[in-house]
Amino acid sequence: MDITGDFRKLARQETTKRQSSLPKGQKDLGRFDILPPRRPDFSHPEGNAFLAEAYIVAKHLQSLRVRIVDIRPAYLNLQSRSHARRLGALGTAAGGGGYGRQSSAKLSDPERDDIDRGIKQAIRQMLAKIQSLNELAETTLENMPNDAREELENAKVLFRRLLGALDPRNADAKHDTASSPASQPGLPMEMSRRDVLAAHQSSVIWWLNSLLQKTNKIHAEMQELYLRQKLERQRNLLSQQQQQQQSVASVARTTSVSDDKHSARNSDQNEILSHLSPQELKALQTENQNIVLEFESALDQQTEQLYNEAVGALDAVDKGNDYLVSARKNQSSSRKWVLVNTIEPVTDE
Amino acid sequence: MSQSLRQKQIGALVRMLHLNEDKAGAAPDANESSSSSAGTSPIWKVLVFDSFCRDVVSTVLRVNDLRENGITVHMLLSSARSPIPDVPAIYFMQPSAENIQSVSADISKDLYELYYINFASQLPRTLLEEFAVQTTASGTSHQVAQVYDQYLNYLCPEENMFSLHFPESFETLHNPSMSDTAMSAVVDRIVNGLFSVLLTMKVVPVISAPRGNAAEMVATRLDAKLRDHIMSSRHNLFSEGAEDIVAQSKRPVLVLLDRDIDLASMLMHSWTYQGLIHDLYDIKLNQIAITQADDNGRKTKRSYDLNVGDSFWVQNAPLPFPEVAISIDEASNAFKREADEITRMGGVSSLDEVSNLDMNASTKQLQRAITSLPELTARKANIDMHMNIATSLLDLIKERQLDVLFQMEEQIGRQSKASIIEAINDPEKTDVQDKMRLYILYMLANEGLKQADRDECEAALRTAGCDLAALEYVNKLRSLNKMNSSIASPSVGTGAASGGDLLGKFSSISNRLAGLTDNSSLAGILSGVRNLLP
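Cut-offs applied
Residues numbered from 1 in each chain as written. Chains lettered and ligands numbered in written order. Predicted model: local features only at pLDDT ≥ 70, side-chain atom pairs only at ≥ 80, totals over all residues. Heavy atoms only, no water. UniProt positions renumbered as here; feature names shortened; annotations may be inferred. Helix = DSSP H or I, 4+ residues; strand = E, 2+ residues; numbered from the N terminus. Buried < 20%, exposed > 50% of the residue type's maximum accessible area, 1.4 Å probe, protein only. Contact = heavy atoms within 4.5 Å. Axes fitted to C-alpha atoms, helices over the stretch in contact; angles between N-to-C directions. Parallel < 35°, antiparallel > 145°, perpendicular 65-115°, else oblique. Nonpolar A, V, L, I, M, F, W, Y, C, P; charged D, E, K, R; others polar. Pairing = 2+ DSSP bridges. Right-handed = clockwise from strand over helix to strand, strands pointing away. Left-handed = near helix turned anticlockwise from the far one by under 90°. Salt bridge = Lys/Arg side-chain N within 4 Å of Asp/Glu carboxyl O. Phe/Tyr/Trp six-rings, centres within 6.5 Å; stacked < 30°, edge-to-face > 60°. Lys NZ or Arg CZ within 6 Å of the ring centre and 35° of its normal. Core = buried A, V, L, I, M, F, W, Y, C linked by side-chain atoms within 4.5 Å. pLDDT = per-residue confidence, 0-100.

As recorded in an unreviewed UniProt entry, chain B goes by the name Vesicle trafficking between the ER and Golgi, listed as coming from Coemansia interrupta. Database annotation for chain B, UniProt heading Sequence similarities (unreviewed entry): "Belongs to the STXBP/unc-18/SEC1 family."

The name an unreviewed UniProt entry gives chain A is SNARE-complex protein Syntaxin-18 N-terminal domain-containing protein, with Coemansia interrupta as the organism. Its UniProt record gives chain A the following Sequence similarities (unreviewed entry) comment, quoted word for word: "Belongs to the syntaxin family." According to its UniProt record, chain A has this under Subcellular location (unreviewed entry): "Membrane".

**Q** Help me out: how do you make sense of the overall build of chain A in this one?
**A** In terms of helices and strands, chain A carries 10 helices and 0 strands. Reading the secondary structure of chain A in the N-to-C direction produces α-α-α-α-α-α-α-α-α-α. For chain A, buried positions account for 23% of its 349 residues. In chain A, the proportion of contacts linking residues at least 24 apart, taken out of those at least 6 apart, comes to 79%.

**Q** Help me understand the packing of helix α17 (residues 402-410) of chain B against helix α19 (residues 432-445) of chain B in this model?
**A** Two numbers describe a pair of packed helices, the interaxial angle and the distance between the axes. Residues and elements named next belong to chain B. At a closest axis distance of 11 Å, the pairing of α17 and α19 adopts a crossing angle of 5 degrees. Judged by the angle between their axes, α17 and α19 are roughly parallel. Facing Leu402, Leu405, Met408 and Glu409 of α17, the residues of α19 in contact are Asp434, Leu438 and Leu441. Here the contact of α17 with α19 is composed, by residue class, of 5 nonpolar, no polar and 2 charged.

**Q** Please clarify how the sheet that holds strand β3 (residues 89-93) of chain B should be interpreted in this entry.
**A** Whether parallel or antiparallel, the strands of a sheet pair through hydrogen bonds between backbone atoms. Residues and elements named next belong to chain B. Taken together, 5 strands build an open sheet; the order of strands is β2-β1-β3-β4-β5 and the sheet is parallel. Two strands close off the open sheet at either side, each with one partner strand: β2 (71-76) and β5 (144-149). In this sheet, neighbouring strand axes are inclined to one another by 15 degrees on average, regardless of whether the strands run parallel or antiparallel.

**Q** When you look at the pairing of strand β4 (residues 115-119) of chain B in this model, what are you seeing that I'm missing?
**A** Consecutive side chains of a regular strand alternate in pointing toward one face of the sheet and then the other. All names here are of chain B. Of all 5 residues in β4, 5 are buried, a share of seventy percent or more. Side chains Tyr115, Ile117 and Phe119 of β4 all project onto a buried face; the interleaved residues Tyr116 and Asn118 project onto the opposite face, where all are buried too. As judged from the 5 bridges shared by β3 and β4, these two strands associate in the parallel manner. Directly across from Ile90, in β4, lies its bridge partner Tyr116. The β-α-β motif built from β3, the intervening helix α5 (residues 97-108) and the parallel element β4 has right-handed crossover chirality. One ladder, built from 5 bridges, connects β4 with β5; its direction is parallel. What sits directly across from Tyr115, in β5, is Val144. With helix α6 (residues 125-137) bridging β4 and the parallel β5, this β-α-β connection has right-handed handedness.

**Q** Would you explain the packing of helix α8 (residues 180-201) of chain B against helix α9 (residues 214-231) of chain B in this entry?
**A** Residues and elements named next belong to chain B. Interhelical geometry of α8 versus α9 gives an angle of 50 degrees and a closest axis separation of 9 Å. The pairing of α8 with α9 is recorded here as oblique in orientation. Judged by the twist between their axes, the crossing of α8 over α9 is right-handed. Here Met183, Ser184, Val187, Asp188, Ile190, Val191, Asn192, Leu194, Phe195 and Leu198 of α8 lie close against α9, whose contacting residues are Met217, Val218, Arg221, Leu222, Lys225, Leu226 and His229. Residues that form the contact of α8 with α9 fall into these classes: 11 nonpolar, 3 polar and 3 charged.

**Q** Quick question: what am I supposed to make of the pattern of salt bridges here?
**A** Side-chain pairing between opposite charges can occur once the charged atoms of the two side chains come close. Residues and elements named next belong to chain B. Going through the model one piece at a time under the given rule, you end up with 24 salt bridges over all chains. A salt bridge links Arg379 to Glu338; its shortest N-O distance comes to 3.2 Å. One end of the pair, Arg379, is in helix α16 (residues 359-400); the other, Glu338, is in helix α14 (residues 321-346), and 41 residues separate them in sequence. Where Asp434 meets Arg437, a salt bridge forms, and the shortest distance between an N and an O atom there is 3.9 Å. Of this pair, Asp434 and Arg437 both sit in helix α19, separated by 3 residues, roughly a single helical turn. The same class applies to Asp434 as to Arg437, namely buried. A network of salt bridges, in which partner residues are shared, links Asp279, Arg400, Asp431, Asp434 and Arg437.

**Q** Just to check I follow, could you spell out the environment of Val48(B) for this structure?
**A** All names here are of chain B. Take Val48: it is sitting in strand β1 (residues 45-49). For Val48, a relative accessible area of 1% translates into the label buried. Residues Val48 and Ala89, spaced 41 residues apart in sequence, show a C-alpha to C-alpha distance of 7.1 Å. The residues contacting Val48, other than those within four sequence positions of it, are Met75, Leu76, Leu77, Arg81, Ile90, Tyr91, Phe92 and Tyr112.

**Q** Quick question: what am I supposed to make of the packing of aromatic side chains here?
**A** Note on aromatic pairs: each is described by the distance of the centres and the angle between the planes. In this structure the tally under the stated criterion is 13 aromatic pairs over all chains. Here Trp207(A) and Trp44(B) contribute two aromatic rings whose centre-to-centre distance is 5.6 Å and whose plane-to-plane angle is 85 degrees, an arrangement assigned as edge-to-face. Of this pair, Trp207(A) sits in helix α8 (residues 193-253) while Trp44(B) sits in the loop between α2 (33-38) and β1, which puts the two residues in different chains. When sorted by exposure, Trp207(A) lands in the same class as Trp44(B), which is buried. Connected via pairs of aromatic rings, a cluster forms that spans Tyr55(A), Trp207(A) and Trp44(B). Here the guanidinium or amino end of Arg189(B) rests over the ring plane of Phe166(B), the centre of that ring lying 4.1 Å away. Geometry around Phe195(B) places Lys225(B) over its ring, the cationic atom sitting 5.0 Å from the centre.

**Q** Can you walk me through the nonpolar core in this structure?
**A** Buried together is how nonpolar side chains tend to be arranged in soluble globular proteins. If you look at the biggest cluster of nonpolar residues, it comprises 118 residues, and the most contacted ones within it are Leu208(A), Tyr91(B), Phe92(B) and Tyr112(B). Residues Ile283(B), Ile389(B), Tyr439(B) and Leu441(B) belong to the second largest nonpolar core, which totals 59 residues.

**Q** Could you clarify how one ought to interpret the environment of Leu226(B) in this entry?
**A** Residues and elements named next belong to chain B. Residue placement: Leu226 occurs in helix α9. According to the relative accessible area criterion, Leu226 is buried, its value standing at 0%. Between the C-alpha atom of Leu226 and that of Phe195, which follows or precedes it by 31 residues, the distance is 7.6 Å.

**Q** Looking at this structure, I do not really get the confidence of the model for chain B. What am I missing?
**A** Low pLDDT means the predicted coordinates in that region are not meant to be read closely. Residue and element names in this part refer to chain B. Residue-level pLDDT values for chain B average 80, and 81% of them are 70 or greater. Per-element confidence in chain B is highest for β3, whose mean pLDDT is 94, and lowest for helix α23 (residues 522-528), whose mean pLDDT is 40. Predicted confidence for residues 24-38 stays below pLDDT 50, and this span has 21 contacts to residues more than four positions away or in other chains. Segment residues 490-534 is flagged for pLDDT under 50; beyond a separation of four residues in sequence, or across chains, it makes 52 contacts in the model. Listed scores for the predicted complex are pTM 0.72 and ipTM 0.77.

If you want it as structure tokens, here you go:
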């Protein structure tokens, strides 16, 4: 039950009473109680870079999520264009307006790819922003003025914690409502200013990460659903054509056996190729031809390389043989010369 | 579909966490709060509560639930807190002078940007005036954005079970040295709690209570409070947002009973899973702490959560312990089978199988394995927890021979004095309080016990080392009740509590409720029961 009104009335009465008891000089102080309660715009905090940035990121995340949710009907719409157009016409006729058209609009695959790419990029940007927000948070904490009073406060908190840990009374303390912080909310003991600010910042970042994860999950599920539906649709088409082929084949079976086999062999190829459009078939054929040409040229090059290497090897071997022969000759002439030189001084003596 | 009390409490708390803004179609379930906040920008706030309100909140909301609703930090009112700039603060506390003082001090210290004050129950006018005076004195009353009475001063551990979180209420109410003012305060506290529950459920019940004890006092005051509220000229909170008029016309019955109408069920050793855990480990705020000795003989203390989110707990809490053991076994085997299947599907055992792999099927299986991994991990942790709990329960049961005691107590009316004395003297039953409980149950079930038998049993208890204070109290209580019932209905003295079986107990309860001299008179029933008529 809202008792704010009662509170304000009482505050006003009290202020009036105080004002009337004050001497004349002090009566012109601002009477805050008569002003409407100020509700600041929390999403635009002044002088708090971290929070301001966090609110901006949150706004962008919200709008991204809304965008994904809005595009979902069109994304998942697998109906044919004509059917979609009819629905769209009905929608506009009934006054459904643009929304009806949007919900029944069919997107082509490239459009879907564009959308996916855009969303993924946005998600990556958001992630980067959250990272930078994290760094900003750390910087803010480091730049916190750590004056002597703060140091004393931190020291006091640490001291109290140490005492609490060493207190033998706490060792057998019953499991009362003030203990076991494991999963209960309510921060245990006292926390320094830094700790509190760090906890506050990490919770904000947790919230943003959580929303980003949920948004990403919605998008991933959307993609998965679309692909599954498309696959299901193709399988249905394939099975329909198989049935057609079988009926054709059963008609052909009555004419001849060889025709059967031929048609059976061809039917395998046909069922694969049949659901492709002629342009796609042509594209496939040209691609096949290109691949074949590439392979052939690669093979030619490799053969030539091997041939050149073989020829080079032969030349090298020939040269080597010549060197060996000349080396033998040199060896024999040097032997004779040495013999002559050693025998001659001996005979001279 | 009507919501349970717990869901309604969660809805009210979440609404409070969103600064009491009226959201059209606001999701009552805390799990959907993120979707409700998706459309609007969040406002990050801090939550400050006293220890009672912390228990209220922690029973139904976890830290992540608070975070999802935009609460970044939550702190106790009594702790020394540092300022957090540029964020509003939501205060949730009981209406007391000390709390008002703390809040005023916070506001004058300019800890937060703006203050949203919420009281767990109705704030008395005097305290509201005091609050206004204090904030005006420091010139900060303009910083108080909202003051609300939330009427949420009760705990809701299960979907349709609530507790007024009033520790040792039995002792307080039966304390002979209680002054009238203290007793009045206790009764008021109970009435406030019940009023909050009724307001959350948006029902005005028909109140039934026996005469002559605290229940009658509570019933009278609750009746007066409800009448005052409904008849008063200001907005009737029971009709705000209430369900349709048809539902309103079906008024439930609120039955208020004193605990001593049936002491026996409090003393009996339980055999259900939940009963055993509460008896041996004392479930507090859906949490228990178990000391287990691991293989090295070292004792580790572990705390576990047992709440409505655990499907195994919800299914097995009321079952007898042996069935629970079977369920745990089955769950464990099923889990192992599933885990093996998934790990087997994920890979190949030899290279020969590579060529035979159906890529489509294997990717699907791999995907299924990956998506089911977190769920399997959670299930494993859950099964491990219950396995640990059941193992330690079994150890205690064996140590204290609780199964034997349970079997004896089930047939307490047919037990012979000799078997009781044998049980008391049995050294294998290690806990003396168990023996005391057994004897008190025997005594309550057999009113015609001779003094000599009673003396013999008491001697045996003393030898076993029991403290006989509880026994003396029960004796006194019984004599008082006998006196009261003999004054109220002189012809009904025999026939009450003839045997120890349940049927006998119910007939004695119904006699007391009706305060009848004979069982069949309708007028007698009406005269004995207080009703709240519109």
